[in-house]
Structure formats: C-alpha cells, structure tokens
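Tertiary structure, described
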Amino acid sequence: MTRPTRLSVAPTGSRSRVHHTTGHLTVRVMDQDADGARVGLLATQALLLSGDDVRIEVDVAPGAWLDVVETTGTVAYEGEAPSSWTVDATVGDGAVLTWAGKPFVVSDEIATHRRTRIRLHGTGRTLTQEKVVLGRAGQLGGDLSMFLEASDDSGPVQVEHLDLGQRARQLPGVFGNLRSMDTVTALGWTPEPTGAPEAGTTGPGETYFPLDRSGAVLRWMGIGRFRDQLCDATFAAWRQEAMRDRRH
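Figured I'd write up the structure that's included with this text. Everything quoted here is computed from the prediction, not taken from an experiment.

Moving on to the pattern of salt bridges. Counted by the stated rule, this structure contains 12 salt bridges. With a closest N to O distance of 2.9 Å, Glu-130 and Arg-114 form a salt bridge. Highlighted residues: Glu-130 in strand β11 (residues 125-134) and Arg-114 in strand β10 (residues 111-120), separated in sequence by 16 residues. Residue class for Glu-130 comes out partly exposed when judged on its relative accessible area of 21%. With relative accessibility at 10%, the residue Arg-114 sits in the buried group.

Think of a pair of aromatic rings as described by two things: how far the centres are apart, and how the planes are tilted against each other in angle. Enumeration according to the criterion identifies two aromatic pairs in this entry. Judged by centre distance (6.4 Å) and plane angle (70 degrees), the ring pair of Trp-85 and Phe-104 falls under edge-to-face. Here Trp-85, found in strand β8 (residues 83-91), pairs with Phe-104, found in strand β9 (residues 96-106); they are 19 residues apart in sequence, far enough to count as distant. Across the pair, exposure class does not vary: Trp-85 and Phe-104 are buried alike.

Checked against the element boundaries, Arg-169 lands in the loop between β13 (155-164) and β14 (180-187). Ignoring any residue separated from it by four or fewer positions in sequence, one finds Arg-169 in contact with Leu-134, Leu-140, Gly-141, Gly-142, Leu-164, Val-174, Phe-175 and Gly-176.

Turning to the nonpolar core, a few remarks are in order. Side chains that are nonpolar tend, in soluble globular proteins, to be buried together. Ranked by size, the top nonpolar core spans 44 residues in total, and within it Ile-56 and Leu-66 carry the most contacts. Apart from residues lying up to four places away in sequence, Leu-66 is in contact with Leu-7, Val-9, Ala-37, Val-39, Val-58, Val-60, Val-96, Leu-97 and Thr-98. Counting residues in each nonpolar core, the second largest holds 15 residues, with Trp-65, Ala-186, Trp-189 and Ala-242 among its members.

Right, let's get into the pairing of strand β1 (residues 5-10). For β1 and strand β5 (residues 53-60), the ladder comprises five bridges, and the chain directions are parallel. The residue bridging Thr-5 from the neighbouring strand is Ile-56, located in β5. Pairing of β1 with strand β2 (residues 17-21) involves five bridges; the strand directions are antiparallel. Across the sheet, residue Ala-10 finds its bridge partner in β2, namely Arg-17. Here β1 folds back onto β2, and the loop between the two strands holds six residues.

Now for the sheet that holds β13. Read across the sheet, seven strands follow the order β2-β1-β5-β8-β10-β12-β13 without closing on themselves; strand pairing throughout is mixed. Bordering the open sheet on either side are β2 and β13, each of which pairs with just one other strand. Adjacent strand axes in the sheet meet at a mean angle of 5 degrees, parallel and antiparallel pairs treated alike.

This paragraph deals with the side chain of Thr-26. Here Thr-26 lies in strand β3 (residues 25-32). Classification of Thr-26 as buried rests on a relative accessible area of 10%. One polar contact links Thr-26 to Arg-28, side chain to side chain, over a distance of 3.3 Å.

Scoring rules and cut-offs
Residues numbered from 1 in each chain as written. Predicted model: local features only at pLDDT ≥ 70, side-chain atom pairs only at ≥ 80, totals over all residues. Heavy atoms only, no water. Salt bridge = Lys/Arg side-chain N within 4 Å of Asp/Glu carboxyl O. Helix = DSSP H or I, 4+ residues; strand = E, 2+ residues; numbered from the N terminus. Buried < 20%, exposed > 50% of the residue type's maximum accessible area, 1.4 Å probe, protein only. Phe/Tyr/Trp six-rings, centres within 6.5 Å; stacked < 30°, edge-to-face > 60°. Contact = heavy atoms within 4.5 Å. Core = buried A, V, L, I, M, F, W, Y, C linked by side-chain atoms within 4.5 Å. Pairing = 2+ DSSP bridges. Axes fitted to C-alpha atoms, helices over the stretch in contact; angles between N-to-C directions. Polar contact = N/O pair within 3.5 Å; in protein donor to acceptor, adjacent residues only side chain to side chain.

Take a look at the structure:
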C-alpha cells in the first residue's frame, strides 16, 4: 500500500516551515512567506487506477495559511476494484486553508469514492472547490460517492453524503441527465455570493445556502463541460476574504 501524502505548514519569524512526504502525490512549493505557502500537487504515477487509495493528510498550524493547487485534473479509470481519494485536514486557530480542485472525472465501469474530513480549531477557516464530471467523452460515468465531514471545537459544522451512483442519480430530483457539478464550500465564516447569472445561461442553475453554523456552500450542476460563470469567480472572491488578514 502506498503511504499517504503528508503536508504541514507552520509560521516562523522569517520563512514558514513547510514539511511534506510523498505518496501518490508529491508537493512543490510555489510561493512562501513567513506565515504560509502556496503549493502544487503533482501525481507521481498514473491516477486514479482501479484499486488506488489516494490519501492526503494536511495540517495547517495556528496562524498559518496554506493554498493548495492541483496542477491537473484526475480521471478515475475503469476497473473491477473501487478507487478512492481521501483528504484529511486539520486547521489551527487563526489559520486558513484554501484548495481549488481541478475536475475529477469518473469513467464508465468504476466505483470511486471521494472523502473529505476537516477539523477546525478556534477561528480557523477553510475554502474548498470540488469539480466532478460523470463520464469521459461519450460515456455516462460510473458510480461516485462523496463524503464531507467537517467539525470545529463545538462539534459538527457540515456532514454531507452524496450518492451519485448510476441507479441513485436517476431517481426524481437527484441528478437525472446532468453530468457536471461544481461546489464551493466555505467553513469558519459565512460569505455572501458574488452575484447571479441570468437564469438558464450556464445550466440548470446555481444554489447558494448558508449553513446553520458558520459556513456557506455554492453549488452548480449542468450538462457536459463546465460553463458556470459563478463558482470560479466566487471561489476567487471568497479566497480574498479568507486571506484578508494574511501577510501574503
């Protein structure tokens, strides 16, 4: 079994301390200051093959910031054994983690799982973007399940399980013939959406909902390629809000 990719960042007096170990992915530091870093994730082998279990463990120390960049999208290729992609992140008091994901494409004849676990402490904040596509060109896509489990010092902030298996997504009101989904999730504060495009111009539409506790989600669903004009812009705007007090 391939070991997890581990990544941690901590502030120092002059240059932040970034430590990482290589698994299915390796880390490259792209930018850095005394409090944090912007890093790129690069695959060390073909991903995501049948049976692969990709695990990424992230620790952002109190007062630090970390911006994660996926350099390419990921394809979950067909095969008999399920594949999985798991992110396990801890964000300290006053720290910020931002992560803009590239498209995650689910091929035919594969069952794949995406899991994200986030633990916030104090005034820590996270901002993530997940893009999923069901099927490569000419395909309908296999079975996808997505889990998000986020908590802070007081308990659960958001717990979500999306079953996008072929059978489930054909049920009324689930996914139907849609193939693409883009989700921007802010935790630790509740930002407002940056705007709304004219109805029907980018797909069935976007949905914004603030969480019961500190957080907000913007989700777009559509047919085919990503044509949403709101999620990318919203991620950029919310990232500026999250990083407003950061030195970088």
